[in-house]
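# Per-entry structural report
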8 protein chains.
Amino acid sequence: MELRELLEKLKDGSLSIDDAIENINAAGYTDMGFAKLDTSREQRSGFPEVIFCSGKTDEYLVSIYRKMVENDGRAFGTRATAHQFGLVKAEISSAEYDPVSRILKVDPVRQEGAGCIAVVSAGTADIPVAEEAAQTAEYFGARVERIYDVGVSGIHRLLSQTDRIRSANCVIAVAGMEGALASVIGGLVKNPVIAVPTSVGYGANLQGLSALLTMINSCANGIAVVNIDNGYGAGYIATQINRLATR
Amino acid sequence: MELRELLEKLKDGSLSIDDAIENINAAGYTDMGFAKLDTSREQRSGFPEVIFCSGKTDEYLVSIYRKMVENDGRAFGTRATAHQFGLVKAEISSAEYDPVSRILKVDPVRQEGAGCIAVVSAGTADIPVAEEAAQTAEYFGARVERIYDVGVSGIHRLLSQTDRIRSANCVIAVAGMEGALASVIGGLVKNPVIAVPTSVGYGANLQGLSALLTMINSCANGIAVVNIDNGYGAGYIATQINRLATR
Amino acid sequence: MELRELLEKLKDGSLSIDDAIENINAAGYTDMGFAKLDTSREQRSGFPEVIFCSGKTDEYLVSIYRKMVENDGRAFGTRATAHQFGLVKAEISSAEYDPVSRILKVDPVRQEGAGCIAVVSAGTADIPVAEEAAQTAEYFGARVERIYDVGVSGIHRLLSQTDRIRSANCVIAVAGMEGALASVIGGLVKNPVIAVPTSVGYGANLQGLSALLTMINSCANGIAVVNIDNGYGAGYIATQINRLATR
Amino acid sequence: MELRELLEKLKDGSLSIDDAIENINAAGYTDMGFAKLDTSREQRSGFPEVIFCSGKTDEYLVSIYRKMVENDGRAFGTRATAHQFGLVKAEISSAEYDPVSRILKVDPVRQEGAGCIAVVSAGTADIPVAEEAAQTAEYFGARVERIYDVGVSGIHRLLSQTDRIRSANCVIAVAGMEGALASVIGGLVKNPVIAVPTSVGYGANLQGLSALLTMINSCANGIAVVNIDNGYGAGYIATQINRLATR
Amino acid sequence: MELRELLEKLKDGSLSIDDAIENINAAGYTDMGFAKLDTSREQRSGFPEVIFCSGKTDEYLVSIYRKMVENDGRAFGTRATAHQFGLVKAEISSAEYDPVSRILKVDPVRQEGAGCIAVVSAGTADIPVAEEAAQTAEYFGARVERIYDVGVSGIHRLLSQTDRIRSANCVIAVAGMEGALASVIGGLVKNPVIAVPTSVGYGANLQGLSALLTMINSCANGIAVVNIDNGYGAGYIATQINRLATR
Amino acid sequence: MELRELLEKLKDGSLSIDDAIENINAAGYTDMGFAKLDTSREQRSGFPEVIFCSGKTDEYLVSIYRKMVENDGRAFGTRATAHQFGLVKAEISSAEYDPVSRILKVDPVRQEGAGCIAVVSAGTADIPVAEEAAQTAEYFGARVERIYDVGVSGIHRLLSQTDRIRSANCVIAVAGMEGALASVIGGLVKNPVIAVPTSVGYGANLQGLSALLTMINSCANGIAVVNIDNGYGAGYIATQINRLATR
Amino acid sequence: MELRELLEKLKDGSLSIDDAIENINAAGYTDMGFAKLDTSREQRSGFPEVIFCSGKTDEYLVSIYRKMVENDGRAFGTRATAHQFGLVKAEISSAEYDPVSRILKVDPVRQEGAGCIAVVSAGTADIPVAEEAAQTAEYFGARVERIYDVGVSGIHRLLSQTDRIRSANCVIAVAGMEGALASVIGGLVKNPVIAVPTSVGYGANLQGLSALLTMINSCANGIAVVNIDNGYGAGYIATQINRLATR
Amino acid sequence: MELRELLEKLKDGSLSIDDAIENINAAGYTDMGFAKLDTSREQRSGFPEVIFCSGKTDEYLVSIYRKMVENDGRAFGTRATAHQFGLVKAEISSAEYDPVSRILKVDPVRQEGAGCIAVVSAGTADIPVAEEAAQTAEYFGARVERIYDVGVSGIHRLLSQTDRIRSANCVIAVAGMEGALASVIGGLVKNPVIAVPTSVGYGANLQGLSALLTMINSCANGIAVVNIDNGYGAGYIATQINRLATR
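Residues numbered from 1 in each chain as written. Chains lettered and ligands numbered in written order. Predicted model: local features only at pLDDT ≥ 70, side-chain atom pairs only at ≥ 80, totals over all residues. Heavy atoms only, no water.

### Here we look at the interface of chain B and chain A
- Counting from both sides, the interface comprises 34 residues of chain B and, opposite them, 34 residues of chain A.
- Taking both sides of the interface into account, the surface hidden between chain B and chain A amounts to around 2800 Å²; carbon and sulfur atoms contribute 53%.
- Along the contact surface separating chain B from chain A lie 0 salt bridges.
- Mapped by element, the contributors of at least two residues to the side of chain B that touches chain A are helix H3 (41-45), strand E10 (193-197), helix H10 (209-216), strand E11 (223-225) and helix H11 (231-246) of chain B.
- The element best represented in the side of chain B that touches chain A is H11 of chain B, accounting for 7 residues. (Contact = heavy atoms within 4.5 Å. Buried area = accessible area lost by both parts, 1.4 Å probe. Salt bridge = Lys/Arg side-chain N within 4 Å of Asp/Glu carboxyl O. Helix = DSSP H or I, 4+ residues; strand = E, 2+ residues; numbered from the N terminus.)

Here is the structure:
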């Protein structure tokens, strides 16, 4: 119920003052005691809720999947384990699991994606994060081009893909170690680059902090950065951009 | 000259092999000895070159402005001083300077901006960075809504602007100190948020690093981050997004 | 024995000089060889001793619980494991364990809490720390209002609780990831806010350091910060404040 | 105008829907273009606005002081320079300046302070921050006990003040270098300790970060920490606590 | 063989030039292929070699113990496991192991210690490091006074031990969490204090780095710091000081 | 196919324009879907591909070894486990594994190394990294002198090896803890020193970051640094230098 | 007045209870309002007070020097400026100033130093810190051997001084950049080494933090570390050690 | 005098034992009281001494230049100011100064450089550091190819220079901001790359630390790193490599 509608109801007497106050306060979420489900989230953001599986108890996880599939006919979770997949699969036979991206989803009726997001990764070890980004964007309705293993130490591999990268509405650049990929891509394209540092590497990579700093300090324009290993976050904002471009 | 065109010329004999090689190699920049002007940049990126005034010698700065105005009829520089403005103004009478954003530009024929970018800042001390972002976006052709001084410690100020913020194709959230603004905005809007940490604050703010970490770790979706105080970079990527939405 | 009393006894001859010195020196703790039990602690601080269970050997832990229950009729420990609960339960049948907050206590005769402390948490993953704070405050005699899962990315959830939060003598704000919750609450209330950063998050959250920096740099007034995940410490100081308000 | 009142007016027809929306949205601040004065702040927080003088332009600073004195008969600013004092003094003859704490205030009719806050500092070099805390608390209506230069390297100086420290409703512990003062005080008192790390020191003190870490990790209970050199913030929260104790 | 002696032998013909060169070069260690045993170490430093057990292979460990006992009649190792004790015990029946300090030694004929080193620890959790320091000093011939669990949050416990602490030639102050103990002791004694930060704590203690910074920045004089958890190093340098005082 | 050759073919008609474009783009790697094998790498760099075994799936690892041995008759992998060795050995009987350096290689026909690289390590705990460097250099064709356990706390051990160290074309200095070895060697030799910090140590060594900082800040000339524990990288660049010296 | 004496007086009636309490409390310092002069410091520590000149106001500084010279006939201050020297010299004609160490002292009747402290510095840029250490020790009564510019990149310079270094009761090792000097010295001597990191260097030296980490992680035994640039602190603790050795 | 020669003289009586000891000890440097000139440095390292001008007093600087020109006919200093140039020029008329690289040298008879070192820089702001490297290498006898302003955000500029870069014996890669240049070059060349991070940038570049981390974590092989802004150090080690290749 929008504020104007509520006030109109109040004015015409179909709503009491107390109810109006309660409505104004309570609008937008359901209080479940230990959690406040943000029920206005999809309306506000245009995106359905997504499940962060890591650390959830077995029972709780299954009940969330069940409830979301009942409501929406589909569900999408990140950072799931094979064990969690087993639990959900036992309940919902159409559940699928990708051990690389660790995405556990129920998505029986897929539609063709719109627009184009390019997901570009530096090394094969960055693919789990890249796939989390790619599958997130696909679940949210975008078409995705995957361009993997084109790190800057063999720059010809990346350059040979320039046309594909340039044709995307948004590029997701995924790289660990020194994270230089984003800067090179930033110099090649017209459209925004969302950079995802990964924790791939060792020694002074500081669990991805070094790649994050590289990307934040990029000499190229048109680059913004999300958290280390946050493929989901990159897929989300890239979808927002892709939607603007295709609406 | 595109690669295909070049090869066609080579095949039909209108170009020698040596010229072809030189063309392939040299395409895209002009070598000036100490610098290599990236002449293909605007074509590649869709954005004209911009001048980072800080630290440039007087002579060099003036000559760059003169040359850019000759070529394009306009010029745009960031992080300029009042002294630099005096120098440029003496040469180009239509030069303008904004001491808040420190932008020094020559832009006599302005066109109305397209689309909408909301630039939101937390405190008045963040306005210099916010203005750098806003004026950058305007110079690149976007319409900008400024919503300043709506930091989260008086959350009602921000919430009262929700409709204006939601109507933008992209939101630039500028905040120093603890940088919490981006997370709250991220939860209010459908479209992407570009977060700009500023170095405003003291003590444990670590010259903006603290706000950067806040924004990178945001619990809200649809947020990506640029470097500390990098208003220009935020204005640039926001323009890219706004162009996609308005093309 | 207070200093004045001791000196009076010395003057009237009922205490020897050597005894006086020993008394002055030894007052306030019991030397157990490897440890010096701070026996004057409750008198000095107004709070009973609490057991930090983590890392204690089985025998030692059980003996401490037994001794404290003998002396005070109750006992309270933090960061306990289920295994430790088993050990104590075997000795003291009224022992209780909460696997969420990891609090292991013996507290058979509870009294109604006085005053009001609001414990507010950002996400469901922050609940263990929030519960450690809440149960600590309750054990020390405060009434607690729990307001969980009201993180700033869905700000309407928090705002709908404004009245409850404002009515507390002290607010404990518990948040991981970017930790922005404390700043928003700080702007809503008259009374002090004790902020507890949690280690919830990943990547650049630096095991809670990022949330700690956010809270220390808060743009709102009336906020002070305790260590990462230190629910106990927050419950303690909030109780001190609540006692001042209700005495 | 409270929400209920507004809704009642709406219902009885004395307010239009559009006005109601505007009222709901706009309540609580005055939009001055570049800034949004938080006019509901004192009502919400119980504290008047305070001026952070550092970095403000001359004109702007004077106009703020003038306006605040007109409205409230008094004004209080932190981190002011002697130059700024001259400017304000020329306008408002009753303005006073303390070069140690750098507080610039207009406060002609002082009332006796209520309750008691002890401000304890480790070294003489910490006095500027301690005075900012003390004078802030006094301006907000608290009585303050100053106990300075009682650092832990001569612990007898601190211990001799135990009674005065214990009698306060709240203790502000100000220390730079290694910041150990807060832990010792925490073990001596019943009431809360607000710890303020200062940037006093050199070498590995990391501009106060080292003292901040010391205080956050304190082995004593009842300690919470504010930002480095944030005397104002400590005075503020201590006043909140003192008010609870004296209401 | 001293240089002068060698040169004299060379001059009088009892040593060839080649032998002299070899002697000059090779003096001071035995080359075992993968390791160069520093055989001149005890002569140079006045201390026998000590075994860092952590990470050593079973066979290698046992052979080192066997060889050292053969040569010197005793052996001393730090950071040993119970498993390693079993292996050594099977070979050398007089081997002893202390699971607290993790010291594994063969030291059948102990002599009374000389002089006095006070080992002072803040909490019971710091005792493993304190014992490593104490037993190291004892093995190297010093008499040790242990004063444990006298952390600064109950300062009376520490102060009651002032005379014992003052009577030592050197004080080893062992503390984790915020590490404030060293500063208080530094203000009480005439003789040097060797401070040992421990990794005891959580959250922002940064695995002991916070305590290290506290100790390095101490406001007291006469304090120098060794590495985190380095009880052995503290026992070593304290022994050096104690030897100077007792020679 | 070089660019000139390709253009000549195009001109004389033996290659179509489309083929030419494809050739220009595709040259230099083989696209395998999830990975882009950099087939021009050895030609470009003069070094064969090497396998980073850590984290690779069993099947994938074995297939890579099989393919590389088919193509080149040899293969070389770093950071392998004993389990991985078992898998490869079952396929390729000539596979060898060194548990110290964790190198897993197939290299049946070894040739004598050319030139000389000295690999110098500080302690025996640094030998795994030193061996990774040494064996890498040997695999790539260099002769290696190993000089281990010559840390600076017994400087005579290092100095006695001065002649051997000076005779090398390049010195690899491997050290953990404080990493001082590189500076001393840098002052002894004419030729370049490649410094490898190791993660050996504890406490404030920060997993090797401390040694890295030591080496980067060296007061000696002729030192450059690779990542923590990066023996492979040091062996690689030392081989490059050795090849220049011996070509 | 010692505690026993006081109690005896109380018992025999020559002291009232109130006076006794006051005596117990007040003993050991003089309260000057803003500062508490630690009058029992020399008795407790065996060292006179020293003046940290940096940041002191002109008047305050001069009055302190005057008072100390009146009391003790001498005075010693660190980190003084030439301007401060002028002020003090105008009052006390025998005042001396060393612009290198920045020590400003009044010390007309010098006595020959006892024992021996070796002050060893790596580079000429470290001499100011080394001199602060050396002159501090001399003022406190020690004999000092200066051995400067013997950094490890020319290790023969250091080794040629081995005998002089070994003959000292304590060695102060002063080094910036990578700070490797302490480890080499630690391996050469029997007696304790006090390491002083300096802020000499640039880039990744992090204002001396890098040298501090090097020294804390030293592979040699018998080394303890004071704060960056803390020559005074090193001179102080070295004097303590030297006194023990020479008493 | 070599050791063998010395011993032969001793044996044949032409040298006394005392002289021999003195010779062994003193060999290799000249003791000037406050400094020990490393006179054997050029012999040991093959490089003449170089002057670090920054922070040297006027007199001292001039005397060093004079002495070096007397001895060697040339002199070379880094980080000089224009003021220092004036001083030296007044003494030595052939002195030259380059305000970009801040090199102040006397080098009247230049010889043609040998071999080839490529100095590649990312942006024009990196040129001062690049020139320090280039001129250092030239002074030490190398031929240098300068390739400036080829940062990765316009990768075609760099790629067009591939042949020139590949032809060098060693490449110096100079870059600030995110420092990605080194990785791309590392993938293009056969020979070693010495990477120099610069402090060019702002915000999260952490004064060059971010670029340093990028380069240390490079995904390309054949890269080693020197300190931030250390153009001299890079020129030095590149010369060592170039000499090996051209000897």
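Resuming the write-up.
### Focus: the relation of the copies chain F and chain H
- Mapping chain F onto chain H calls for a screw motion: a turn of 180° about the axis and a shift of 0.0 Å along it, with 0.1 Å RMSD after fitting. Here the two chains are linked by the operation of a two-fold rotation axis.
- When you check the interface residues of chain F against chain H, 100% turn up at the interface there too, and the contact is symmetric in its surfaces. (Least-squares fit on C-alpha atoms with pLDDT ≥ 70 in both.)

### Observations concerning the sheet that holds strand E6 (residues 103-106) of chain E
All names here are of chain E.
- A sheet is described by the order of its strands in space; here 4 strands give the open sequence E3-E4-E6-E5, paired in mixed fashion. Single-partner strands in this sheet number two, and they are strand E3 (51-52) and strand E5 (95-98).
- By the bridge criterion, 3 bridges tie strand E4 (residues 75-78) to E6 in an arrangement that is antiparallel. Residue pairing for E6: Phe76 is matched across the bridge by Lys105.
- Across the sheet, helix H4 (residues 58-72) touches E3, E4 and E6, and the angle it forms with E4 is around 145°. (Pairing = 2+ DSSP bridges. Axes fitted to C-alpha atoms, helices over the stretch in contact; angles between N-to-C directions.)

### Notes on the pairing of strand E9 (residues 170-175) of chain C
Residues and elements named next belong to chain C.
- Within E9, 6 of the 6 residues are buried, which leaves the element mostly enclosed by the surrounding structure.
- The side-chain alternation of E9 yields two buried faces, one formed by Cys170, Ile172 and Val174 and the other by Val171, Ala173 and Ala175.
- Of the pairings in the sheet, the one linking strand E7 (residues 114-121) to E9 comprises 5 bridges and is parallel in character. From the neighbouring strand, Ser121 faces E9, where its bridge partner is Val174.
- When E9 meets strand E10 (residues 193-197), the two strands line up parallel, connected through 5 bridges. Residue pairing for E10: Val171 is matched across the bridge by Val193. (Buried < 20%, exposed > 50% of the residue type's maximum accessible area, 1.4 Å probe, protein only.)

### Let's talk about the domain arrangement of chain A
Residue and element names in this part refer to chain A.
- Considered domain by domain, chain A is made up of domain 1 (32-106) and domain 2 (114-245).
- A separation of 25 Å is found between the C-alpha centroids of domain 1 and domain 2.
- Of the residues lining the interface, 17 residues belong to domain 1; the matching set on domain 2 comes to 15 residues.
- Roughly 1400 Å² of surface becomes buried between domain 1 and domain 2 when both sides are summed, with 59% attributable to carbon and sulfur atoms.
- Measuring nitrogen to oxygen at the nearest pair gives 3.5 Å for the salt bridge that ties Arg79 to Glu132.
- Here domain 1 is connected to domain 2 by 6 residue pairs in polar contact (both at pLDDT 80 or more).
- Of the residues that constitute the side of domain 1 that touches domain 2, the class distribution is 8 nonpolar, 4 polar and 5 charged. (Domains from an automatic or database assignment. Polar contact = N/O pair within 3.5 Å; in protein donor to acceptor, adjacent residues only side chain to side chain. Nonpolar A, V, L, I, M, F, W, Y, C, P; charged D, E, K, R; others polar.)

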